[in-house]
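Remarks on the overall topology
Next come the chains, spelled out residue by residue.
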Amino acid sequence: MEIVRAASLTGYFAVAERLRLDVAPLLRRAGLTRAMMSNPEQMMPARSVVQLLEESAERSGCVTFGLRMADQRELSDIGLLSVLIVHQPTLGDALHVLSEYRNRINTNLSLQIEDHDETLFLREQFALNPPLHSRQVSDLALGVLYKLCRSVMPDGWRAQCVGFSYERPEPGDRAVYEHLFQCPLQFGADFDGIVIERADLQRRNPMANLALAAHAHELIASLIPPGNRTVAGEVEQSIRLMMPSGRASIGEVAHALGTNVRTLQRRLEREGVVFSDLLDRVRVQQVSHHFASRQLRLTDVAHLLGYSSLASFSTWYRSRFNQTPTMGRREVQHAAP
């Protein structure tokens, strides 16, 4: 599915504010909200993100919008995975980890390493079908990748050059490129990517800590399986994030995942599940956790599970557990240490 994590827009509001950009109409046209972007794990349609960045660059008159966002980024913005990456022994190992977990970071980005004798080209391909022009997304991904490389390389390391397929920007904009990359830049190139020496892949990372890397790998393996995540898994994740705001309907989830209701239903059917079962499963997983909190009223629990009234929540709970919510909460709190 064509979806990205809200974390991909980290730095957006800071750059927009600095450029005095009115973001409300831009978010509205892209079908996004500040609430959707407040949780970095929230999934949202990739095309909406592309539209937002391209229109933001156009409205602000700032062709370096994506690069300015990249400049705001820290490796820690990708969460626990950053610990595993930063403690890899070499740049080659770090890039391997990035590729292994790429689908969890952004399902539409793929890292390609092209071999050209003693040099290597690192490219980030942003793929949508049908294709969509995305200079800002491409710049953002390239800037973030460059900062990742520098984070695991010795001080003073620089790439041989960074290439951009578009023409040289105006002199006033070039300072952003020079500040971010601090290496030779090639505009009008036949590729968008980073050129490094082959030997850089084996250069030792001075920050590497094998014990921390192993520990991070164990934690991540238990939380984030590498490779493709199932549609059901993405739906469950969206339900968890959207449920407290009462937005965990199949229509809202489909929109967040960049598809429509019927297509989402067909994909779930191919995995042998239906949306209502996933919704019910998330509620069952979370209800006891909420009951354990003595600060939450039953009406609060109902709201957190996506119910508009205590009565509707009570009806679901009685049918599911054959007892009242009051009885269930009493049992949970009695069993708590």
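Look up: the structure comes first, before these words.
Residues numbered from 1 in each chain as written. Predicted model: local features only at pLDDT ≥ 70, side-chain atom pairs only at ≥ 80, totals over all residues. Heavy atoms only, no water.

1. Some words on the side chain of Asp139
What counts here: Here a helix means four or more residues in a row that DSSP labels H or I, a strand means two or more in a row labelled E, and each is numbered from the N terminus. Should any heavy atoms of two residues lie within 4.5 Å, those residues are counted as being in contact.
Of note, Asp139 is situated in helix α9 (residues 135-151). In contact with Asp139, other than residues within four places in its own chain, are Val63, Leu67, Phe164, Tyr166 and Tyr177.

2. Description of the pattern of salt bridges
Where we set the bar: Salt bridge, as used here: a side-chain nitrogen of Lys or Arg that lies within 4 Å of a carboxyl oxygen of Asp or Glu. Note on exposure labels: buried denotes an accessible area under 20% of the residue type's maximum, exposed denotes more than 50%, and partly exposed covers the range between, all computed with a 1.4 Å probe on protein chains only.
Here the structure, examined in full by the defined rule, presents 10 salt bridges. Between Arg135 and Asp139 there is a salt bridge, with its nearest N and O atoms 3.9 Å apart. Of this pair, Arg135 and Asp139 both sit in helix α9, separated by four residues, roughly a single helical turn. We classify Asp139 as buried; its relative accessible area is 1%. Among the salt bridges present, the one from Glu236 reaches Arg281, with a minimum N-O distance of 2.2 Å. Taken as a pair, Glu236 in helix α12 (residues 231-242) and Arg281 in helix α15 (residues 275-291) lie far apart in primary sequence, 45 residues in all. Look at Glu236 and you get buried, because its relative accessible area is 8%.

3. Observations regarding the environment of Gln160
Here Gln160 lies in the loop between α9 and β5 (161-164). Accessibility expressed as a relative area gives 33% for Gln160, which makes it partly exposed. Residues Gln160 and Leu185 lie 25 residues apart in sequence; the distance between their C-alpha atoms is 8.9 Å.

4. A few points about the layout of surface pockets
Cut-off, in case you're wondering: With a 1 Å grid spanning the protein atoms alone, the term cavity applies to any set of points in which a 1.4 Å probe fits but cannot get out, the term pocket to an open set with protein on both sides within 12 Å along at least five of seven lines, and the term lining residue to any residue with an atom within 4 Å of a point. Grid points are joined across faces, edges and corners, and a volume is the space filled by probe spheres set on the points. Under this grouping Gly is polar, as are all residues other than the nonpolar Ala, Val, Leu, Ile, Met, Phe, Trp, Tyr, Cys and Pro and the charged Asp, Glu, Lys and Arg.
One number sums up the size of the largest pocket: a volume of about 650 Å³. Lining of the largest pocket is provided by 32 residues; of these, Arg73, Ile78, Leu140, Val144 and Leu145 occupy positions nearest its centre. At the level of elements, β1 (3-5), α4 (46-60), α8 (102-105), β4 (119-126), α9 and α10 (171-181) are the ones that each hand at least two residues to the lining of the largest pocket. Ranked by residues supplied to the lining of the largest pocket, first place goes to α9 with 10 residues. By residue class, the composition of the lining of the largest pocket is 18 nonpolar, five polar and nine charged.

5. A word on the packing of aromatic side chains
Just so we agree on the cut-off: We call Phe, Tyr and Trp rings a pair once their centres come within 6.5 Å, taking the six-membered ring for Trp, and we label the pair stacked below 30 degrees between planes, edge-to-face above 60, and tilted otherwise.
Counted by the stated rule, this structure contains 20 aromatic pairs. Plain terms: the ring middles of Tyr307 and Trp316 are 6.1 Å apart, the flat faces sit at 35° to each other, and that makes the pair tilted. Grouping residues by exposure puts Tyr307 and Trp316 together as buried. What links up through ring pairs into an aromatic cluster is the set Tyr146, Trp157, Phe164, Tyr166, Tyr177, Phe181 and Phe187.

6. Details of unusual backbone geometry
At Asp117, a position not held by glycine, the phi torsion is positive, near 55°. Here Asp117 shows up in the loop between β3 (109-116) and β4. Notably, Asn322 is not glycine yet its phi reads approximately 60°, a positive angle. Examined against the element boundaries, Asn322 turns out to sit in the loop between α17 (310-321) and α18 (325-335). According to the relative accessible area criterion, Asn322 is exposed, its value standing at 73%.

7. Describing the packing of α15 against α17
This is how the line gets drawn: Between the N-to-C directions of two axes lies an angle of 0 to 180 degrees, each axis being a line fitted to C-alpha atoms and, for a helix, fitted only over the stretch in contact. Working rule for angles: under 35 degrees goes down as roughly parallel, over 145 as roughly antiparallel, 65 to 115 as roughly perpendicular, anything else as oblique.
Running from N to C, α15 and α17 cross one another at 100°; their axes reach a closest spacing of 12 Å. Judged on the interaxial angle alone, α17 and α15 are roughly perpendicular. The segment α15 lies against α17, with Asp280, Arg283, Val284, Val287 and Phe291 engaging Phe313, Trp316, Tyr317, Arg320 and Phe321. Looking at the contact of α15 with α17, its residues break down into seven nonpolar, no polar and three charged.

8. Regarding the pairing of β5
Test applied: The criterion for strand pairing is that DSSP finds at least two bridges linking the strands in question. Viewed with both strands pointing away, a crossover whose connecting path from the first strand over the helix to the second turns clockwise is right-handed.
Side chains Cys161 and Gly163 of β5 all project onto a buried face; the interleaved residues Val162 and Phe164 project onto the opposite face, where all are buried too. Relative to strand β7 (residues 193-197), β5 is paired through three bridges, and the arrangement is antiparallel. Counted as the bridge partner of Val162 is Ile194 from β7. Two elements, β5 and strand β6 (residues 185-187), share three bridges in a ladder whose sense is parallel. By the bridge assignment for β6, Phe164 is matched with Phe187. Of the crossover connections in this fold, the one passing from β5 over α10 to the parallel β6 is right-handed.

Just distances and angles here, no functional claims.
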